[in-house]
Amino acid sequence: MSSKLIAKSGIFLFQSKILDWFELSGRHYFSWRRKGLTPYEIVIAEVLLQRTKAETIEKFYPGFLITFPDWETIARADIAFLEKQLQPVGLYRQRARRLQDLAIEMVRLRGQFPTERKALEQIPFLGQYIVNAIELQIFNRPKPLIDVNMARLLERYFGPRKLADIRYDPYLQNLAAEVVNHSLIKEINWAILDFASMICKSSRPLCINCLLSDTCDFSKKTLK
Ligand code: SF4
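### Some remarks on the environment of K201
Topologically, K201 is positioned in the loop between α11 (185–198) and α12 (217–222). Placed 40 residues apart in sequence, K201 and R161 show a C-alpha to C-alpha distance of 18 Å.

### A closer look at the packing of helix α5 (residues 79–86) against helix α6 (residues 92–108)
One can describe the packing of α5 onto α6 by two numbers: an axis separation of 8 Å at closest approach and a directional angle of 125°. In terms of their interaxial angle, α5 and α6 are classed as oblique. Where α5 crosses over α6, the two elements pack in a sense that is right-handed. Each of I79, L82, E83 and L86 in α5 lies in contact with α6, whose residues at this interface are Y92, R93, R95, A96 and Q100. By residue class, the composition of the contact of α5 with α6 is five nonpolar, one polar and three charged.

### Describing the environment of F22
Take F22: it is sitting in helix α1 (residues 8–25). The buried category is assigned to F22, around which 21 C-beta atoms lie within 10 Å. Put simply, F22 and I192 are 170 residues apart on the chain and 8.4 Å apart in space, counted from C-alpha to C-alpha. Beyond its immediate sequence surroundings of up to four residues, F22 is in contact with E187, W190, A191 and D194.

### Structural notes on the site of the ligand
Neighbouring residues of the ligand: 14 residues in total, closest C200, C207, C210, C216 and S219. Counting only elements with at least two residues in the shell around the ligand, the list comes to α9 (148–158) and α12. With three residues, α9 is the single largest residue contributor to the shell around the ligand. Looking at the shell around the ligand residue by residue, the classes come out as 11 nonpolar, two polar and one charged.

### Quick look at the domain arrangement of the protein
Taken domain by domain, the protein consists of domain 1 (3–27 + 142–222) and domain 2 (31–137). The C-alpha centroid of domain 2 is placed 26 Å from the C-alpha centroid of domain 1. Domain 1 puts 10 residues into the contact, and the matching count from domain 2 is eight residues. Looking at the side of domain 1 that touches domain 2, its residues break down into five nonpolar, one polar and four charged.

### Points about the nonpolar core
Of all hydrophobic cores here, the largest spans 43 residues; its most connected members are M150, L153, L154, Y157, A176 and I192. Looking at this core, the elements that each hand over two or more residues are α1, α2 (39–49), α8 (128–137), α9, α10 (170–179) and α11. No fewer than three residues from each of domain 1 (3–27 + 142–222) and domain 2 (31–137) sit in this core. Those residues in contact with L154, other than ones at most four positions away along the chain, are L172, L175, A176 and V179.

### Things to note about α2
Looking only at α2, the buried set comprises V43, I44, A45, L48 and L49. The secondary structure elements touched by the buried residues of α2 are α3 (54–67) and α8. R51 sits one or two residues past α2 and shows a positive phi near 60°.

### Looking at the packing of α9 against α10
Interhelical geometry of α9 versus α10 gives an angle of 95° and a closest axis separation of 11 Å. In terms of orientation, α9 and α10 fall into the roughly perpendicular class. Along the contact surface, α9 presents M150, A151, L154, E155 and F158, while α10 presents L172, L175, A176 and V179. Residue composition of the contact of α9 with α10, grouped by class: eight nonpolar, no polar and one charged.

### A closer look at unusual backbone geometry
The residue R51 is not glycine, and still its phi comes out positive at about 60°. With respect to the helices, strands and loops of the structure, R51 is situated in the loop between α2 and α3. With a phi angle near 55°, R110 is a residue other than glycine that sits in the positive phi range. Along the chain, the position of R110 falls in the loop between α6 and α7 (117–121).

Definitions and cut-offs
- Note that residues are indexed from 1 along each chain, following the sequence as it is written.
- For this predicted model, a pLDDT threshold of at least 70 governs which residues receive local features, and a threshold of 80 or more governs which side-chain atom pairs are given and counted, while totals over whole chains, interfaces and linings are taken from all residues.
- Strands are runs of DSSP state E lasting at least two residues, helices are runs of H or I lasting at least four, and both sets are numbered from the N terminus onward.
- Axis definition: a line fitted to C-alpha atoms, limited for helices to the stretch in contact. Angles are taken between N-to-C directions and run from 0 to 180 degrees.
- Here the angle decides the label: under 35 degrees means roughly parallel, over 145 means roughly antiparallel, 65 to 115 means roughly perpendicular, and every other value means oblique.
- Each crossing gets its handedness from the near helix: less than a right angle anticlockwise from the far helix is left-handed, clockwise is right-handed.
- A pair of residues counts as a contact when their C-beta atoms, built from backbone coordinates, are within 7 Å of each other.
- Amino acids outside the nonpolar list (Ala, Val, Leu, Ile, Met, Phe, Trp, Tyr, Cys, Pro) and the charged list (Asp, Glu, Lys, Arg) are all regarded as polar, and Gly is one of them.
- Burial in this document is a count-based property: other C-beta atoms within 10 Å of a residue's C-beta are tallied, and the residue is buried at 20 or more, exposed at 12 or fewer, or partly exposed in between, with C-beta positions derived from the backbone.
- Whether a residue is near a molecule or strand depends on its C-beta atom, placed from the backbone, lying within 6 Å of it.
- A domain assignment, automatic or from a database, supplies the domain bounds used here.
- What we call a nonpolar core is a set of buried Ala, Val, Leu, Ile, Met, Phe, Trp, Tyr and Cys residues whose membership is set by joining through C-beta atoms within 7 Å.

What follows is the structure, given as structure tokens:
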């Protein structure tokens, strides 16, 4: 199904239900959702969150920011020390090298992210997800934090994508862009991510008690 064929009313209904749920049950306590974070703190959280559980990062993130309070400390760090610090959250060798490459570039840019998307995409380590996160959280643009969790919920609810790679599937990319096109641009993203993690889980989604089940494509097919 093309996202153009999904009625606006269907998108509004989804946005409204999931935001109501988020207000009461969302994970508002995450440190990286506080107001007033610097661009450095926002991007470090997103880098750490990639392929790692949010609860694991919640315990790790404040201490990491104390050890590495800015791009300079990461850029100058001995790589073995950086790897050791990242060990508790996994993928530490790969993450340390990429993070240091990013930090070196950010020192060269004097800590300022470029405002143009194309320029952001040229910075080492910034893939589609983190570029979207920067546009969303630093430049306040309605961009989706689209990862496997957001993709799973949107596809179950609205219908599946065609291409294996989330980043290149036009249906899913357009759908995600429409869904997050809301006045509460951060909250709608966080609501989708939290709902996917807590209710629309990858295995055993909680469809029977789900507030979206009446209008969800997946539940209409499986709960007959
Ligand atoms: S009904 Fe099931 S599949 Fe649909 S959104 Fe809810 S938990 Fe996910």
